[in-house]
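Architecture and fold: a report
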Amino acid sequence: MSTTTELKQLYQKGKKRKILAMLSIFLALLIAVVVSVSLGAGSPGFAEATQVILSKLFPFLNIDPGSSLTQSIILTFRLPPIILAIIAGAGLAASGATMQGVLRNPLVSSHILGVSSAAGFGAALAILLGVGVLGGFGEYLVVVNAFLFSLLAMVIVYGVARIRGITTETVILAGVAIGFLFSALLSLIQYLAPEQDALHAIVFWLMGDLGAATWDSILIVFPIVVLTVALMVQQSWNINVLSMGEEVATSLGVNSKRVLTITMVLETLATASIISFTGVIGFVCLISPHIARMLIGSDHRFLIPCSSLIGAFLLLCSDTVARLVIQPVELPVGILTALLGVPFFIYILASKRRQNWR
Amino acid sequence: MALNLTVNNLSFKYDGTQVLEDVNIEVKIGEMLSIVGPNGSGKSTLLKCINRILKTQQNTVLIDGEDTSKLNLKELSKIMGYVPQNSTNTFPFTVFDIVLMGRKPYIHWSLSERDTEIVAEMMNYIGIGNLAMRHFNELSGGEQQKVIIARALAQQPQFLLLDEPTSSLDIKHQLEILCILKSLAKTKHRAVIVAMHDLNLASRFSDSMLMLKKGSIFTVGTPNAVLTEENIEAVYGIKTHVTNSVLGSPQVTPLISEFNGIKPLKTTPKIETIDSRA
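Residues numbered from 1 in each chain as written. Chains lettered and ligands numbered in written order. Predicted model: local features only at pLDDT ≥ 70, side-chain atom pairs only at ≥ 80, totals over all residues. Heavy atoms only, no water.

1. Digging into the domain arrangement of chain B
All names here are of chain B. When the domains of chain B are assigned, the result is domain 1 (1-79 + 157-278) and domain 2 (90-154). Taken together, the contact pairs 17 residues of domain 1 with 12 residues of domain 2. Together domain 1 and domain 2 conceal approximately 1300 Å² of surface at their shared face, both sides included; 69% is due to carbon and sulfur atoms. Interface area lost by domain 1 to domain 2 is led by Lys74, Lys78 and Ile180, which between them contribute 31%. Linking domain 1 with domain 2 are 1 salt bridge, by the criterion used here. We note a salt bridge from Glu176 to Lys146, for which the minimum N-O separation is 3.2 Å. Across the contact surface, domain 1 and domain 2 share 3 residue pairs in polar contact (both at pLDDT 80 or more). The set of elements that each furnish at least two residues to the side of domain 1 that touches domain 2 consists of helix H2 (73-77), strand E7 (159-163) and helix H6 (171-187). Here the side of domain 1 that touches domain 2 takes 7 residues from H6, the largest share from any one element. (Domains from an automatic or database assignment. Contact = heavy atoms within 4.5 Å. Buried area = accessible area lost by both parts, 1.4 Å probe. Salt bridge = Lys/Arg side-chain N within 4 Å of Asp/Glu carboxyl O. Polar contact = N/O pair within 3.5 Å; in protein donor to acceptor, adjacent residues only side chain to side chain. Helix = DSSP H or I, 4+ residues; strand = E, 2+ residues; numbered from the N terminus.)

Next up, the structure:
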């Protein structure tokens with residue numbers, strides 16, 4: 001029999017191990033950033049890349065930033081996709097971890113709540129017709145349309161789920177149904193698309209792409225993702241309790257309907273703002289939480305941040321590889337996330353003896 | 001410090017069906033009350049109504065005369081703990097994590113020293129300290145039940161409600177759990193309300209028993225008063241022989257020959273589904 005003090009120490013030890021695991025992933029992410037900057041057509045070397053980044057991050061250190069050509073390659077072309085990959089990966093993975101926890105379902109991703117097919121439909125509509133729900137957005141027409149349709153999907157899912165009372169089952173069922181509805185509409189648009197160009201643009205958008213990332217898009221997505229992910233982490237205790245079922249949550253003083261609604265809104269805002277800019281990148285959202293769970297367990301206080309780190313790392317690696325495989329053509333990152341993510345997932349699954357799902 | 005819990009004229013309808021009608025209960029701190037009755041008689045529903053997992057009319061559940069429907073869920077969860085019939089978790093949580101959830105009503109964001117202290121104490125009290133870092137889903141049914149009771153205790157409630165905590169356990173675990181509950185009532189200043197199927201175990205451990213029939217109280221009182229051959233036949237529809245056990249509590253022996261008299265095709269068997277329990 002262990003004493004009370006021993007038990008408390010055991011718990012603290014476990015907590016330290018989790019924090020250490022997250023620090024290691026963070027370190028891996030930093031290394032991946034530097035490697036990614038220094039690879040690719042017309043790239044500066046590893047040392048130069050580090051120099052430019054450091055000189056921009058810490059201007060007071062007076063590090064020599066190198067030639068202006070190197071600087072502009074790194075700052076204008078290399079860094080935006082890398083940073084967007086990190087933000088997008090982190091936001092999508094955190095959303096996945098949150099929704100899987102709240103809905104008590106390991107198969108949940110942004111696809112299942114209809115958000116991504118709605119975004120796809122909105123984008124396709126804008127690409128094809130050149131008009132959005134709201135006119136006058138110029139270059140952001142596709143982005144704004146995708147975003148608005150994602151929100152629309154969430155509102156419909158919420159409304160449909162409310163008919164029988166908001167529970168995990170009704171949310172999942174409504175989400176799947178609305179997702180199918182928008183997929184059908186999307187197929188219809190693709191089928192009817194008159195010009196080859198428009199169809200090509202739609203398909204390209206649907207496969208996800210980070211290459212077009214700009215600092216402007218980062219400035220829009222970054223605050224939204226940071227805020228929504230922070231609010232998701234704030235819900236961690238509620239999500240933990242909710243994972244034991246709605247009745248237990250109620251008996252522990254948690255209003256499960258309220259938590260479900262809050263997390264649905266957060267998930268939609270994060271996912272919609274990301275995929276409106278990047279196109280549909282679904283896989284990190286599904287797989288990162290599982291990898292995180294295998295590494296550090298299911299306590300959402302740690303799981304959501306850890307999933308974010310893994311999501312950022314996975315998406316960054318995928319994007320780097322997508323850029324390098326057939327130079328100078330860049331493959332859509334959506335394809336690479338699955339191609340790289342699945343073997344990585346199987347590796348972790350095989351190397352962990354413990355059975356995590358029963 | 002609360003002293004008693006009163007249920008006044010509690011009625012509950014589920015999708016138009018009257019599940020509970022005019023139920024009145026009084027439980028004092030230090031008492032163990034068991035609720036018995038056939039499947040579908042409303043035992044689980046009654047517990048959920050008391051804990052406001054299911055909502056009922058105002059002024060039906062009172063603690064020291066105060067209407068609990070005026071409390072918010074969080075306040076109530078510091079007074080009442082609930083142990084459901086089955087506990088599952090889709091994702092891997094450790095035993096410590098699960099018991100820690102019982103501190104939810106007290107936690108804002110960060111854990112205090114006191115929270116982990118109470119969790120560790122409750123685990124040791126129930127005797128699951130050695131399981132602390134095991135995964136909940138890997139444990140046996142009996143161990144899982146203890147973890148969930150420890151979680152309810154971590155809420156530091158004065159009233160503990162349990163829904164058939166022993167029905168899927170072996171005889172040793174049954175006794176262990178009921179001894180824990182009894183000692184909670186007697187030495188830890190709590191009131192325990194437990195829905196049970198096993199009449200003999202209920203009779204041996206309860207201070208008083210409440211027998212439900214189709215959502216209404218059929219009879220209530222000491223085990224000796226409740227467990228009579230007439231009452232059991234009226235509520236369960238079977239003939240029994242009630243004697244005094246070596247320990248003095250009434251002992252129910254179902255008379256097997258009477259089962260042969262029952263023609264199953266003439267009566268519709270009641271199948272308890274997840275829905276009817278809810």
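Moving on from the model shown.
2. Some points on the pairing of strand E12 (residues 250-254) of chain B
All names here are of chain B. Across 5 bridges, the pairing between strand E11 (residues 240-244) and E12 is antiparallel. Across the sheet, the residue bridging to His241 is Thr253, located in E12. Connecting E11 to the next strand, E12, in antiparallel fashion are 5 residues, including Gly248 with a positive phi near 100°. (Pairing = 2+ DSSP bridges.)

3. What about the interface of chain B and chain A?
Across the boundary between the two partners, chain B contributes 47 residues, which contact 42 residues of chain A. In total, about 3800 Å² of surface goes out of reach between chain B and chain A, with carbon and sulfur atoms giving 65% of it. The three residues of chain B that bury the most area against chain A are B:Phe91, B:Lys104 and B:Trp109, which together make up 19% of that side's buried surface. Remark: the boundary between chain B and chain A carries 3 salt bridges. Between B:Lys48 and A:Glu247 there is a salt bridge whose closest N-O contact spans 3.1 Å. Where chain B packs against chain A, one counts 10 residue pairs in polar contact (both at pLDDT 80 or more). Looking at the side of chain B that touches chain A, the elements with two or more residues in it are H2, strand E6 (80-83), helix H3 (95-101), helix H4 (113-126) and helix H5 (141-154) of chain B. By residue number, the principal contributor to the side of chain B that touches chain A is H4(B), which donates 7 residues. Broken down by class, the residue content of the side of chain B that touches chain A amounts to 21 nonpolar, 16 polar and 10 charged. (Nonpolar A, V, L, I, M, F, W, Y, C, P; charged D, E, K, R; others polar.)

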